[in-house]
Amino acid sequence: MATKNKKSKKTLQKIKVAELFAGVGGFRLGLEGWKGKSPLSQYKKAMNPQFEVVWSNQWEPASNKQYASDVYVERFGDLHHSNQDIAKVNVNDIPDHDLLVGGFPCQDYSVARTLSQSGGLEGKKGVLWWQIHRIVKDKKNPPKYLFLENVDRLLKSPAKQRGRDFAIMLASLADLGYIVEWRVINAADYGLPQRRRRIFFLAYHESTMVHKRIIKNDKPVDWVIAEGPFAQAFPMVANVQTDLVPHILDRDLVKISETFNKETRSGKSPFENAGIMIKHRYWTFPVKSAFSGKRIVLDDIIEKDDAMVPKSFFIDKESLPRWKYLKGAKKEPRRNKATGFEYTYNEGPMVFPDPLDKPARTIITGEGGATPSRFKHVIKTPKGKLRRLMPLELERINMFPDHHTEGATDGKRAFFMGNALVVGIIEKVGQQL
C-alpha cells in the first residue's frame, strides 16, 4: 500500500491553468514561480508549483505592436500562447483547463435582450467580461475554478446604479453553476510592497467538492471568514451581524442591468469588501486586515547607489518647481475652455518626495517618462538627490523578477507595471487553492 501511495504522488497531475488578459504574466508568476523560485521569497527560495499554464492570451486592441505579448513570449515562450483578439478565438481552440485566471478591464457590463432570439442576451461590444462568460459557457468541460482580478471600484459602478456591474457578474456566474466569493485586498495590508487595492474573486463550479462543501455548510459566511482560500491567505477581522440575511439577485440579467439599486437614494453600493454568492443569494460584510508580520517598504527594494541609476531619472533644478507645484496643494480659479465656465479648483497636497519607510503608492500606467507629474513616484536618495523610480524598481514593487520587462522602452515597462498586479497575492491564494 505504501508503494502505491508513493507512485500516486509522483503521478499527481498539476492544476491546468488558462491565463486571459495575461499582460506580462503576473498570474503565471504567482502560480508557477520563476525558474523554480518563489515570488514571496524575492525569487530566492525554491517553489514547488502545483499549477501549469496550458494556454494564455494577450492582445492589445489599441496597438499595432503587441509589446506586452512580446515580453510574455520572451519570458515564457510561445507554446500555447495566443496573441489574437480574444473575441475571435474559437472556444474549441482553448484546451480544457481546471482554473481560468485573468485581470480584466473595468468597463460597462450592462446587457440587453437580442432582437434575433427570444430570451437571448448580449453585452456591449468589446466588453471583455462577456468573453470570459462566453468561454465558460461554451466549453464542453467548463473550468472548475475562476480566479479573477479587477479594480475595487467594480463594487460600486456605475455611479447611477451602484453595484450593478458586479451584480450582473454574480448573477451570470450563478446561471453557469458557480458559487462566487470575493475580497478586496490591499497588498500593503499584508506586508507586500505596494498600497494597491484590488478586488479578487474566486468561483467554484457545481462539479467541485468545494462547491458541495459550501452548499452543505449552514453558515456560508464561515467560508469567507475562516475556511476559504482568501481567509487562509489573508487573515481578517470581520464585522458580521448575527442576524445577517442574504440579498436576493434577480434571475433576469436584463432586469438587473436596468433596475439594480436604481432607487437607492444613498448612492451606496450594497456590496461590502467581502462576501459570497450562492444560487443568486449573496451575503456581504466589511472586513479588515489582521496581519501582524514583517512588512516590505520602499527602502527595502530601491537601488541605493546613485551611480547605478541612469542620469535621466534624476530631477534637474529646472523642472523641480513644476514637480513641486503638481505635488502641492492648490486652490485656484480655473476656466472650462469649452464652455467658459469659471470655478475654483481645489486639490490637497501629496507627500513629496515619497516616504521610504512605507510601502509604495499604487503604480499607474503613466509612471514612465521624465515629464513632471503629480502621480509619479519621486524619492530622495541617500546622497540627497531627487529621482524617479527605475523600471527595475517598479518591477520589484509588483514583486516581478528583476529585469522581467527588459527589452521594452522605459515608458512601456512602466505602463506594464501600472497594469499589472502584485504577484505575491496570487502566490498566497495559489498556496491555499
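Before going into details, it helps to say that this report is about the structure given with it. (Residues numbered from 1 in each chain as written. Predicted model: local features only at pLDDT ≥ 70, side-chain atom pairs only at ≥ 80, totals over all residues. Heavy atoms only, no water.)

**Quick look at the overall build of the chain**
The line we're drawing: Helix and strand definitions here come from DSSP, where helices need a minimum of 4 consecutive H or I residues and strands a minimum of 2 consecutive E residues; each element is numbered from the N-terminal end. Burial here depends on accessible area, computed with a 1.4 Å probe over protein chains only, as a share of the maximum for the residue type. Under 20% is buried, over 50% is exposed, and the range in between is partly exposed. Only heavy atoms matter for contacts: two residues are in contact if any of them lie within 4.5 Å across the pair. The protein chains shown are the only cover counted for residues, whose accessible areas, like all others here, come from Shrake-Rupley with a 1.4 Å probe. In this count, Lys and Arg are taken as positive residues and Asp and Glu as negative ones, while His and the chain termini are left out. The location of each charge is read from NZ of Lys, CZ of Arg, CG of Asp or CD of Glu.
Helix and strand content of the chain: 13 helices and 18 strands. Viewed in the frame of its principal axes, the chain has a C-alpha envelope of about 65 × 65 × 50 Å. Per-residue burial for the chain yields a buried fraction of 49% across its 433 residues. Pairs at least 24 residues apart make up 69% of the contacts formed inside the chain by residues separated by at least 6 positions. Roughly 22,300 Å² of accessible area belongs to the chain as shown, and the carbon and sulfur atoms make up 50% of that amount. Separation between the mean location of the 71 positive side-chain charges and that of the 49 negative ones in the chain comes to 2 Å.

**Focus on empty space enclosed by the protein**
Under the convention used in this document: Think of a 1 Å grid over the protein atoms and nothing else: a 1.4 Å probe that fits but is trapped marks a cavity, an open set flanked by protein within 12 Å on at least five of seven lines marks a pocket, and residues with an atom within 4 Å of a point count as lining. Grid points are joined across faces, edges and corners, and a volume is the space filled by probe spheres set on the points. Note that Gly is not counted as nonpolar here; it falls among the polar residues with everything else outside the nonpolar set of Ala, Val, Leu, Ile, Met, Phe, Trp, Tyr, Cys and Pro and the charged set of Asp, Glu, Lys and Arg.
Applying the stated rule across the entire model yields one cavity of 30 Å³ or more. One number sums up the size of the largest cavity: a volume of about 40 Å³. Contributing to the lining of the largest cavity are Phe313, Glu367, Gly368, Gly369, Arg388, Leu389, Pro391, Leu394, Asp410 and Ala414. Among the secondary structure elements, those contributing two or more residues to the lining of the largest cavity are α11 (391-397) and α12 (410-419). A per-class count over the lining of the largest cavity returns five nonpolar, two polar and three charged.

**Let's talk about the pairing of strand β12 (residues 274-278)**
Threshold: Following DSSP output, two strands are said to pair if at least two bridges run between them.
Within β12, five of the five residues are buried, which leaves it mostly tucked inside the rest of the structure. Taking every second residue as pointing to the same face, both faces of β12 are buried, with Ala274, Ile276 and Ile278 on one and Gly275 and Met277 on the other. Pairing of strand β8 (residues 178-186) with β12 involves four bridges; the strand directions are antiparallel. Paired with Trp182 across the strands is Gly275, a residue of β12. In the sheet, β12 pairs with strand β13 (residues 281-285) via five bridges, with the strands oriented antiparallel.

**Here's the deal with the layout of surface pockets**
When its volume is computed, the largest pocket comes out at roughly 1,100 Å³. Lining the largest pocket are 48 residues, with Phe21, Gly103, Phe104, Pro105 and Asn419 positioned closest to its centre. Elements with a minimum of two residues in the lining of the largest pocket: β1 (15-20), α2 (26-32), α3 (67-76), β7 (145-151) and α12. Considering only residue class, the lining of the largest pocket consists of 23 nonpolar, 16 polar and nine charged.

**Here's the deal with the pattern of salt bridges**
Condition: By convention in these notes, a salt bridge is any Lys or Arg side-chain nitrogen within 4 Å of a carboxyl oxygen on Asp or Glu.
Applying the stated criterion across every chain, the model contains 19 salt bridges. For Asp250, the salt bridge identified is with Lys255, shortest N-O distance 3.6 Å. For Asp250, a relative accessible area of 31% puts it in the partly exposed group. Residues joined in a network through salt bridges with shared partners are Lys330, Glu347 and Arg374.

**Points about the packing of aromatic side chains**
The relation between two aromatic rings is expressed through the spacing of the ring centres and the mutual angle of the planes. Basically, it comes down to this: When two rings of Phe, Tyr or Trp (its six-membered ring) have centres within 6.5 Å they constitute a pair, described as stacked for plane angles under 30 degrees, edge-to-face for angles over 60, and tilted for the intermediate range. Two conditions define a charge located above a ring, namely a distance within 6 Å from the ring centre to NZ of Lys or CZ of Arg, and an angle within 35 degrees of the ring normal.
A full pass over the atoms with the stated rule returns 18 aromatic pairs. With centroids separated by 6.2 Å and ring planes inclined at 90°, the aromatic side chains of Phe104 and Phe201 adopt a geometry described as edge-to-face. Of this pair, Phe104 sits in the loop between β4 (99-103) and β5 (111-113) while Phe201 sits in strand β9 (residues 197-205), placing them 97 residues apart in sequence. The residues Phe104 and Phe201 share a single accessibility class, namely buried. An aromatic cluster is built from Phe104, Tyr109, Trp129, Phe166, Trp182, Phe201, Phe260, Phe271 and Tyr282, whose rings are joined through pairwise contacts. Lying across the ring of Phe314, Lys385 places its NZ or CZ 5.5 Å from the centre.

**Some remarks on the packing of helix α4 (residues 129-138) against helix α5 (residues 164-175)**
What counts is decided by this rule: A fitted line through C-alpha atoms represents every axis, and for helices the fit uses only the stretch in contact; the resulting angles, taken between N-to-C directions, go from 0 to 180 degrees. Each angle is binned into one of four classes, with values under 35 degrees roughly parallel, values over 145 roughly antiparallel, values of 65 to 115 roughly perpendicular, and all other values oblique.
Closest axis-to-axis distance for the α4/α5 pair is 11 Å, and the angle between their directions is 5°. One way to sum up the angle between α4 and α5 is to call them roughly parallel. Across from Trp129, Trp130 and His133 in α4, the residues of α5 making contact are Ile168, Met169, Ser172 and Leu173. Across the contact of α4 with α5, the residue classes break down as five nonpolar, two polar and no charged.

**Observations regarding the nonpolar core**
Here is the rule: Here the nonpolar core consists of buried residues drawn from Ala, Val, Leu, Ile, Met, Phe, Trp, Tyr and Cys, with membership extended through side-chain atoms lying within 4.5 Å.
Ranked by size, the top nonpolar core spans 64 residues in total, and within it Phe147, Ile214, Ile276, Ile397, Met417 and Ile425 carry the most contacts. Filtering out sequence-adjacent residues up to four positions away, Met417 remains in contact with Val24, Arg196, Ile363, Leu394, Glu395, Asn398, Phe400 and Thr405.

**Quick notes on the side chain of Thr381**
With respect to the element layout, Thr381 can be found in the loop between β17 (378-380) and β18 (386-388). Dropping the residues within four chain positions of it, Thr381 is found in contact with Asp306, Phe314 and Arg387.

**Observations regarding the pairing of β1**
Within a regular beta strand, the side chains point alternately toward one face of the sheet and then the other, so they alternate between its two faces. Our working definition: The handedness of a crossover follows from its direction of travel: if, with the strands pointing away from the viewer, the path from the first strand over the helix to the second runs clockwise, the crossover is right-handed.
As defined by bridge partners, β1 adjoins strand β2 (residues 51-57) across five bridges and the pair is classed as parallel. Pairing of Val17 across the sheet is with Val53, part of β2. Handedness of the β1-α2-β2 crossover: right-handed. Strand direction decides the pairing type here: β1 and β4, joined by four bridges, are parallel. Directly across from Val17, in β4, lies its bridge partner Leu99.

**Some words on helix α7 (residues 220-227)**
This is how it is decided: In this context, the arc is that of the directions from the helix axis out to the C-beta atoms.
Within α7, burial applies to Pro220, Val221, Trp223 and Val224. Down the axis of α7, the smallest arc covering the buried residues is 155°, so these residues share one side.

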